[in-house]
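Coordinate inspection notes
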Amino acid sequence: MSDLDYTDTELMITRAALELRNDDTVLVGVGVPNLACNLAKRTHAPDLQMIYESGTVDSNPDALPLSIGDPVLATGARSIVPMYEGFSRYLQSGRIDVGFLGGAQIDKRGNINSTVIGDYDDPKVRLPGSGGACEISSNAHRTLIITPHQKRRFPEEVDFITSPGYVEGREGREEMGLRGGPEAVITDKAVMKFDDNGEMYVDTLHVGVTRDEVQEATGWEVQFADDVTETPTPDDEEIRLIREELDPDGIYTGGGD
């Protein structure tokens, strides 16, 4: 535990980093997922390998990348391949352990919507769409979802499945021939996991957050683990790494000098 105050974003970064294991190969973008991966690599997972969608393999950026095409990702990378090869040779062939995802809506089975709000043929809002998210959710062995915890983001069922979670249950995903599935949803209120049926439940509550607050921000009657505990908080070294080395200008964390 840190003696320093930390932000919700810093807590999500450190908690996401704890989900990563040494020797994991992670398909990562920029922003919070990138900070989580680089934090894990500097702490408990030094052999973690980062592959970016632009095609840099085993990147070791010495500065904060501002896009997946930022030249800092090429410095020190093991190799650089075309984007097509990153998705085909690495992702679709099953060589990616972890993928990070987000979206406008995430439902109780971890299905993600980033396509439309409302009816597909007559939507209230047209969203950017999948990008590579559907491929990541379908082919990575584990996916981690990071998002603010708001009721509009957590409906019981998404309006459109852009990226499949456990579809109608774990069996539904297996019947579709998809690998892996969502492992954790990390928000600014809690960390959720998935039960044997593929339904999301609250595993840990962040310090100061109540069950009622999580329920009020969730669009279905969310289940809680029998042994719900407090989410581990960042320690001083994790906060120092984020603020002084990984994002000193607060571009993604909102901090900085």
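Residues numbered from 1 in each chain as written. Predicted model: local features only at pLDDT ≥ 70, side-chain atom pairs only at ≥ 80, totals over all residues. Heavy atoms only, no water.

**With respect to a negative patch on the surface**
Together, Asp119, Asp121, Asp122 and Asp159 line one region of the surface with negative charge. If you trace the backbone, Asp122 turns up in the loop between β8 (116-118) and β9 (123-126). A residue is classified by how much of its surface remains accessible, and Asp122, at 62% relative accessible area, is exposed. (Patch = residues over 30% accessible without salt bridge, like charges linked within 9 Å, V, L, I, M, F, W, Y side chains within 5 Å. Areas by Shrake-Rupley, 256 points an atom, 1.4 Å probe, with all protein chains shown as cover. Salt bridge = Lys/Arg side-chain N within 4 Å of Asp/Glu carboxyl O. Lys, Arg positive; Asp, Glu negative; His and termini not counted. Charge placed at Lys NZ, Arg CZ, Asp CG, Glu CD. Helix = DSSP H or I, 4+ residues; strand = E, 2+ residues; numbered from the N terminus. Buried < 20%, exposed > 50% of the residue type's maximum accessible area, 1.4 Å probe, protein only.)

**Describing the environment of Ser114**
Note that Ser114 resides in the loop between β7 (112-113) and β8. Along the primary structure Ser114 and Gly69 are separated by 45 residues, whereas in three dimensions their C-alpha atoms are 22 Å apart. Contacts of Ser114, omitting those with residues within four sequence positions, involve Leu127, Pro128, Gly129, Ser130 and Thr162. (Contact = heavy atoms within 4.5 Å.)

**A look at empty space enclosed by the protein**
With the rule as written, the count across this model stands at one cavity of 30 Å³ or more. In this structure, the largest cavity occupies an estimated 30 Å³ of space. For the lining of the largest cavity, the secondary-structure elements that each account for two or more residues are β2 (49-52) and α3 (83-92). Broken down by class, the residue content of the lining of the largest cavity amounts to four nonpolar, one polar and one charged. (1 Å grid on protein atoms, 1.4 Å probe; cavity = no way out; pocket = protein on both sides within 12 Å on 5 of 7 lines; lining within 4 Å. Points joined across faces, edges and corners; volume = space filled by probe spheres on them. Nonpolar A, V, L, I, M, F, W, Y, C, P; charged D, E, K, R; others polar.)

**Some remarks on the layout of surface pockets**
When its volume is computed, the largest pocket comes out at roughly 310 Å³. Lining the largest pocket are 17 residues; nearest its centre among them are Glu53, Phe100, Leu101, Gly102 and Ala133. Of all the elements in the fold, those that place two or more residues in the lining of the largest pocket are β1 (25-28), β5 (98-101) and α4 (133-139). Here the residues of the lining of the largest pocket are counted per class, giving nine nonpolar, seven polar and one charged.

**Comments concerning the pattern of salt bridges**
Summed over the entire model, instances satisfying the criterion amount to 13 salt bridges. Here Glu19 makes a salt bridge to Arg15, at a shortest N to O gap of 2.9 Å. Accessibility expressed as a relative area gives 8% for Glu19, which makes it buried. Take Arg15: its relative accessible area is 9%, and that puts it in the buried class. In this structure, Arg240 engages Glu244 in a salt bridge whose closest nitrogen and oxygen atoms are separated by 3.4 Å. Here Glu244 and Arg240 lie together in helix α7 (residues 236-246), a separation of four residues that amounts to about one turn. A residue is classified by how much of its surface remains accessible, and Glu244, at 53% relative accessible area, is exposed. Connected through shared salt-bridge partners, Arg42, Glu237, Arg240, Glu244 and Glu245 make up one network.

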